Each structure stands twice: as structure tokens, then as C-alpha cells.
Amino acid sequence: MIDAGIDISKGYPEVPDYNKVPIYLDEAFSIRNEDYPYIERGKHADPEKKALFGAAKEVIDLTKHIGTEIVGLQLADLTDQQKDELALLIAERGVVFFRDQKLSPQKQWDLGDYWGQIEKHAQVQHVPGLKGNTVIWNDYRAKKGMNLTFKNANYCNFGTGNKFPDRGNQVWHSDLCHEHQTAGYTHLHLDAIPSVGGDTLWASGYAAYDKLSEEMKKFLDGKQGVYCSAHGYLDRNDPFAGPKKIERVHPLIRTNPATGWKSLFVNRNMTVRILGLSPVESDIILGYLYDVYEKNADIQVRFNWKPSKEGYGTSAIWDNRVTQHRSIWDHEGEELRHGTRVTSLAEIPYFDPDSKSQREDLGLPLDE
Ligand SMILES: [Fe+2]
């Protein structure tokens with residue numbers, strides 16, 4: 001951090017001023033509640049991605065359905081054309097990895113700023129002087145009192161407000177579903193990585209949608225769900241009821257503006273219910289949809305972050321609109337795992353009834 005020109009003399013990480021942290025639900029709801037113009041950088045990119053692939057040493061698909069690693073490129077040096085093509089690649093492949101990166105927090109911020117409005121969280125810790133570049137350092141949070149143990153490793157992102165506090169590991173989720181304009185391109189750069197473990201998994205929402213029967217797809221197309229925040233806030237009219245989550249309504253099946261493909265936009269941690277169904281119906285259907293994501297290993301990728309060069313970091317950039325992820329806290333804090341994350345917020349989620357599924361668009365069989 002010192003090498004990158006970050007002043008850590010006042011402590012690290014920087015925590016938001018407690019006096020400015022929202023306490024009440026209406027305050028928290030009003031943050032970014034207005035439309036913000038979004039330009040989808042992947043939409044008009046060269047579908048063959050000649051500028052990006054031409055400059056890379058290797059482009060390796062890690063699984064059939066999700067995850068690509070690019071070798072031989074520095075994220076800090078990309079041209080705008082390469083950034084556009086990378087956006088499209090991320091939207092298509094769900095997550096793209098770059099090892100052996102020299103990337104300052106400012107350069108990471110600048111790349112995120114190119115892809116959309118950077119989310120600046122009101123509560124979470126960030127790189128000193130660089131709001132919007134969130135510090136991902138759960139071992140530090142454990143020292144600050146978070147109950148992070150072998151049995152409670154799922155606390156690593158959501159604190160005690162988690163909907164499922166008793167799960168043995170972090171729950172599958174996508175980030176910031178409760179926002180008016182939800183998270184799009186999201187970039188985690190790890191600069192301290194355990195020698196063993198600390199992996200992350202991602203799963204494809206396009207493939208999850210294509211796993212469904214055609215009748216189930218028809219049933220879900222156009223339906224809406226309620227999505228909640230990770231953090232809780234007090235209801236001004238009923239403060240003694242305890243913290244409540246921010247809730248917003250979004251389509252269950254959303255169309256990605258870069259690829260035009262439909263994706264299953266639900267996750268176990270943040271989707272509360274399906275509008276129009278009874279609670280029992282909603283729970284049963286959502287439970288099945290979570291399972292489609294979580295139990296189909298053929299639509300997942302598990303990534304170990306270790307760079308091949310000593311002293312370098314590794315970046316993963318994923319599209320939160322079309323994937324879920326979970327991290328694995330198996331190193332149990334014995335070795336440092338530290339990184340910085342920049343989230344570019346995307347469009348207001350929408351469902352285009354004329355859009356196609358990935359397999360449909362690629363002409364792949366959709367057999368039952
Ligand atoms: Fe996350």
C-alpha cells in the first residue's frame with residue numbers, strides 16, 4: 001500500500017465516520033435511490049475481442065460454462081478498446097481471472113470507474129483516501145470481534161444479520177442485489193494469498209436458467225422478486241423491532257445488456273420472496289432455484305488465487321448480474337488473505353421478453 005502511494009499513517013483500513021453511518025432504514029434506502037446513467041461498455045465491443053486476445057499470451061477457459069483466465073496482460077495498461085472487449089468477455093463467461101498483476105488501488109478504482117458508477121458503501125472499511133475501494137480482509141474483521149471460526153466461516157461477509165447464520169461456510173450470493181441499480185462488473189484483487197486454500201467459487205446464471213424446463217422458464221419469465229441488503233437498519237417508526245434489511249423488487253429472470261442473454265437472478269442469501277405467490281409456494285420454488293445454482297457442479301468454477309510470481313497479486317472480475325459466488329475460509333486465518341474490491345453498479349435490472357437464453361442464442365440443444 002505504501003508502494004502504491006497510499007497513506008496508512010492514520011491506520012489501515014479506513015473506516016467510515018461513525019457519525020455519518022446510516023442508522024435508519026429510510027436513510028439507507030435513499031442512498032443511490034435515483035436513476036444513474038449507465039453505459040454498457042460490453043455492448044458495442046468487438047465480439048471477436050481482437051484487441052484483447054491479440055495482446056494476450058494465452059486465453060484459457062477453465063470450465064465449459066464459466067470462468068476464463070487471461071495470461072500475459074496487465075489490467076493497469078489496458079486500452080479503452082480492450083476494456084470494452086473485457087467487459088463483454090466477463091458478461092459472456094461470468095468471471096475472468098488475471099494472475100501476476102501489479103495493480104495499485106487507484107488503478108483498480110479507475111478501471112471500475114470506466115465500467116460504471118462505483119459503489120461507495122456507507123459502512124464498510126476501505127483503502128485510506130479511496131472510498132469505493134473496499135478492503136476485503138476477513139482476518140482483520142475476525143480480530144474486531146466477528147465470530148469467524150472453523151464452524152462459523154459463513155460470517156465472513158455478512159455479519160450476524162445473515163439470513164442463515166448457522167451455515168458452515170459462506171452462503172452462495174451475488175453482491176448488492178438490494179440496490180436500485182445492482183452490482184455489475186466487480187473486481188476483487190488479492191495481494192496476499194494463503195499458500196493453501198482461500199479459494200472462491202462462482203456459478204453461471206445463464207446456465208442455471210438453461211437447466212430449467214421450458215415450462216418452468218415460461219413460468220418464471222417476467223416474475224419479480226424481493227431482494228434484501230446484507231446490512232440491517234432500524235425502522236424509525238418501530239426502532240425496538242431491531243434491524244431490518246433494505247428491500248427492493250427486481251425481475252427474477254433478467255436480461256444482460258451486453259450479451260442479450262437471460263439469467264436466473266436469485267440467490268439464497270438475498271432473495272426474500274417471489275411476488276404474487278403464497279409464502280409456501282415462493283419458498284418451495286426459490287429453494288429449488290437455489291439448488292439449481294448450488295448443486296450443479298458443471299456450471300461452477302472453483303478458483304485458487306495463487307499467482308505464479310512472488311510479490312504479485314491476482315484479480316478476478318465477475319459480472320454480478322449473471323453469477324453467484326462464495327468464498328472458502330479454510331485457511332482459518334493462519335495465513336494472510338487480503339484484497340481490495342471495486343464494484344461498478346450496472347443498469348436498473350430489466351427483463352426483455354424478446355431476449356434469448358444463452359444456449360438458445362448459441363444454437364445449442366435444449367433437450368429435456
Ligand atoms: Fe460477495
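Residues numbered from 1 in each chain as written. Predicted model: local features only at pLDDT ≥ 70, side-chain atom pairs only at ≥ 80, totals over all residues.

(A) Expanded view of the confidence of the model for the protein. A residue-level look at the protein finds 94% of positions with pLDDT of 70 or above and a mean pLDDT of 92. Counting contacts from residues 155-162, a segment whose pLDDT is below 50, to residues more than four positions away or on other chains yields 19 contacts. (pLDDT = per-residue confidence, 0-100. Contact = placed C-beta atoms within 7 Å.)

(B) Main features of the environment of G287. Structurally, the position occupied by G287 is in helix α9 (residues 279-295). The exposed category is assigned to G287, around which 10 C-beta atoms lie within 10 Å. Measuring from C-alpha to C-alpha, the distance between G287 and K151 comes to 23 Å, with 136 residues separating the pair along the chain. (Helix = DSSP H or I, 4+ residues; strand = E, 2+ residues; numbered from the N terminus. Buried ≥ 20, exposed ≤ 12 C-beta atoms within 10 Å, placed from the backbone.)

(C) Just the sheet that holds strand β13 (residues 271-274), in detail. With antiparallel pairing, the three strands of this open sheet are ordered in space as β10-β9-β13. Bordering the open sheet on either side are β10 (244-251) and β13, each of which pairs with just one other strand. Direction aside, the axes of adjacent strands within the sheet are offset by 25° on average. With three bridges joining them, strand β9 (residues 224-233) and β13 adopt antiparallel strand pairing. Paired with Y227 across the strands is T271, a residue of β13. (Pairing = 2+ DSSP bridges. Axes fitted to C-alpha atoms, helices over the stretch in contact; angles between N-to-C directions.)

(D) Examining the nonpolar core more closely. Within the largest apolar cluster, 57 residues are counted, with the highest numbers of intra-cluster contacts made by A87, I90, V95, V96, A203 and A208. It is helix α3 (residues 80-93) that provides the largest number of residues to this core, a total of six residues. When residues no more than four places from it in sequence are discounted, the contact partners of I90 are V95, V96, Y185, I317, W318 and D319. Counting 12 residues, the second largest nonpolar core, distinct from the first, contains L25, Y227, C228 and I246. (Core = buried A, V, L, I, M, F, W, Y, C linked by C-beta atoms within 7 Å.)

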